[in-house]
Amino acid sequence: MLGQIALIAFAQRAPDHVFGFQMFNASSELKITLYRQIHMYGKPYRLSVQHAAWQARDKNKVTHAFRWNDRVHDGVLGQLDTFVHASYGLDAQLFRLQFALNDVAAHIPDDAETDALVAVVETVKNGRERATVELTAERP
């Protein structure tokens, strides 16, 4: 019984409300635009990631191909540059997106050009409020 009470209490504090009950699902949407942050001529620049893929050189100047969907298999987070339904709400998807950014940034060792991955997320909360959120994952 104490375990169930603990799960219920935890569910309301967790960003994705895991183990929580929501009678009505939020009807929010989000659109993720992914960028690579690089340094060129001593200044930071953002390069748009087109079609969820990019090419970059390693330390030996050999070019490699990278794909967002090689590491991100989620149906919502895997779709870039298009509005999709924010399953479990915006907070949950932004929480998961930050983890996805961190994971991809940590698993592209052959990309010596990218300093960080940046997601610019356009959100529409329940069909009304529009906002833009920016998430960043620095390379380790």
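Overview of the structure. (Residues numbered from 1 in each chain as written. Predicted model: local features only at pLDDT ≥ 70, side-chain atom pairs only at ≥ 80, totals over all residues. Heavy atoms only, no water.)

Along the backbone of the protein there are 2 helices and 7 strands. Counting helices and strands in the order they occur from the N terminus, the protein gives α-β-β-β-β-β-α-β-β. Taking all 140 residues of the protein together, 34% fall into the buried category. Taking contacts inside the protein between residues at least 6 apart in sequence as the whole, the part at least 24 apart equals 60%. Counting every atom, the protein has about 8,900 Å² of accessible surface; 54% of that belongs to carbon and sulfur. (Helix = DSSP H or I, 4+ residues; strand = E, 2+ residues; numbered from the N terminus. Buried < 20%, exposed > 50% of the residue type's maximum accessible area, 1.4 Å probe, protein only. Contact = heavy atoms within 4.5 Å. Areas by Shrake-Rupley, 256 points an atom, 1.4 Å probe, with all protein chains shown as cover.)

This next bit is on the packing of aromatic side chains. This model, assessed by the stated rule, comprises 2 aromatic pairs. Summarising the aromatic geometry, the rings of Trp54 and Phe66 are spaced 5.6 Å apart at their centres and angled 20° between planes, so their arrangement reads as stacked. One end of the pair, Trp54, is in strand E3 (residues 53-57); the other, Phe66, is in strand E4 (residues 63-67), with 12 residues separating them in the sequence. Taking the relative accessible area as the measure of exposure, Trp54 reaches 6% and is therefore buried. Between Phe95 and Phe99 the ring centres are 5.1 Å apart and the planes differ by 70°, which places this aromatic pair in the edge-to-face class. Of this pair, Phe95 and Phe99 both sit in helix H2 (residues 90-106), 4 residues apart, which is roughly one turn of the helix. (Phe/Tyr/Trp six-rings, centres within 6.5 Å; stacked < 30°, edge-to-face > 60°.)

This brings us to a nonpolar patch on the surface. Where nonpolar side chains cluster on the molecular surface, the patch consists of Met40, Tyr41 and Tyr45 and spans about 370 Å² of accessible area. Along the chain, Tyr41 falls in the loop between strand E1 (29-40) and strand E2 (43-48). Of the residues examined, Tyr41 reaches a relative accessible area of 76% and is grouped as exposed. (Patch = residues over 30% accessible without salt bridge, like charges linked within 9 Å, V, L, I, M, F, W, Y side chains within 5 Å. Salt bridge = Lys/Arg side-chain N within 4 Å of Asp/Glu carboxyl O.)

Moving on: the nonpolar core. Formed by 28 residues in total, the largest nonpolar core has its most connected members in Ile32, Trp54, Trp68, Leu97 and Leu101. Looking at this core, the elements with two or more residues in it are E1, E3, H2, strand E6 (116-125) and strand E7 (129-138). Here the element with the most residues in this core is H2; it accounts for 7 residues. Beyond its immediate stretch of four places on either side in the chain, Trp68 contacts Leu34, Ala52, Trp54, Leu77, Gly78, Leu80, Leu97, Ala100, Leu101 and Val104. (Core = buried A, V, L, I, M, F, W, Y, C linked by side-chain atoms within 4.5 Å.)

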